[in-house]
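Analysis of the macromolecular model
Here's the letter readout for the chains.
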Amino acid sequence: MIDPLRDLASVREATDRLLSAAAGLDDVGTAEPSQLPGWSRGHVLAHLSRNADALVNVLDGRPMYVSAEAREADIERDAPRTLAAQLADVRDTAARFQAVGAVPADWSRTVELRNGVTDVAARVPFRRLIEVELHHVDLGIGYALEDLPEEFTGREIAFLAQRFSGRAGVPPTRIVADTGEWQTGGEDGAPVTVSGAAPALLGWLAGRRDGADLDTAGALLPALPPL
């Protein structure tokens, strides 16, 4: 059962954690590489701000981004800013997202995201929570996948398993952690079971780790399409 108001509260808490941690950087550290290839920490922070604006657009019934090119250009434009400017932008855009989420609305309505993807409005706060939590990890400032709340990790594994379900090139895959089991992949190919610690499984599914620490009982680890 999706609870968007509870997820909005989780987004607020996760954003506060990120802002507190990022405040320990300086301008030099902000310009240094993040854990995402080709992106500085400034890119990550800029993306978080622009994503908040984009999800406000979604909840208000507007296109998420003007275009893919505009999305990339906005991130590149904002990435070199000072730490103070980055943190103020993350804080202000997060407040706008919370304000829009607090307006009484039909959470069961269908909304459109990027590339024609649709979802129920009730899942938008969780989608924002994914952005905040995973990009906090991507900043590389001491917050690891193992530090993510256990409930979030399980929900995100389930979300990504659903996303890869039915995908061509991904064999039928059973994902097993000590906290739960999930099924993903298509119908073609030999079934494979991938097991390990929940944070490691999330890292593999989310493209943050190569899966070397996961167990496949000798089978090849499925190659996942990019998110």
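Residues numbered from 1 in each chain as written. Predicted model: local features only at pLDDT ≥ 70, side-chain atom pairs only at ≥ 80, totals over all residues. Heavy atoms only, no water.

**Comments concerning helix 7 (residues 150-164)**
Taking 1.5 Å as the rise per residue, helix 7 with 15 residues should run 21 Å; its terminal C-alpha atoms sit 21 Å apart, in good agreement. Considered for burial, the residues of helix 7 that qualify are Phe152, Thr153, Gly154, Glu156, Ile157, Phe159, Leu160, Ala161 and Phe164. Considering only its buried residues, helix 7 is in contact with helix 6 (124-138), strand 3 (173-177), strand 4 (180-184) and helix 8 (198-205). Phi for glycine 166, located one or two positions after helix 7, is positive at around 80°. (Helix = DSSP H or I, 4+ residues; strand = E, 2+ residues; numbered from the N terminus. Expected span 1.5 Å × (residues − 1). Buried < 20%, exposed > 50% of the residue type's maximum accessible area, 1.4 Å probe, protein only. Contact = heavy atoms within 4.5 Å.)

**Brief notes about the pairing of strand 5 (residues 192-195)**
Side-chain positions along a regular strand alternate between the two faces of the sheet. Only one face of strand 5 is covered, namely the one carrying Val192 and Val194; the face carrying Thr193 and Ser195 has none of its residues buried. One ladder, built from 4 bridges, connects strand 3 with strand 5; its direction is parallel. For isoleucine 175, the partnering residue across the bridge sits in strand 5 and is valine 194. (Pairing = 2+ DSSP bridges.)

**Considering unusual backbone geometry**
With a phi angle near 55°, asparagine 115 is a residue other than glycine that sits in the positive phi range. Tracing the backbone shows asparagine 115 in the loop between strand 1 (110-112) and strand 2 (118-120).

**Re helix 6**
Its 15 residues place the ends of helix 6 21 Å apart at the C-alpha level, agreeing with the 21 Å of an ideal helix rising 1.5 Å per residue. Most of helix 6 sits inside the fold, with 14 of its 15 residues counted as buried. Note on helix 6: the residue one or two positions beyond its end, glycine 140, has a positive phi of about 65°.

**Some remarks on the sheet that holds strand 5**
The strand order across the open sheet built from 3 strands is 4-3-5, with neighbouring strands paired in mixed fashion. The sheet terminates laterally at strand 4 and strand 5, the two strands that pair on one side only. Within the sheet, the average angular offset between the axes of one strand and its neighbour, ignoring direction, is 20°. Most of the contacts of helix 7 go to strand 4, to which it runs at about 15°, and overall it touches strand 3 and strand 4. (Axes fitted to C-alpha atoms, helices over the stretch in contact; angles between N-to-C directions.)

**Here we look at the side chain of aspartate 89**
Positionally, aspartate 89 belongs in helix 5 (residues 83-102). Each residue touching aspartate 89, except ones within four places of it in the same chain, is listed here: Ser49, Arg50 and Arg81.

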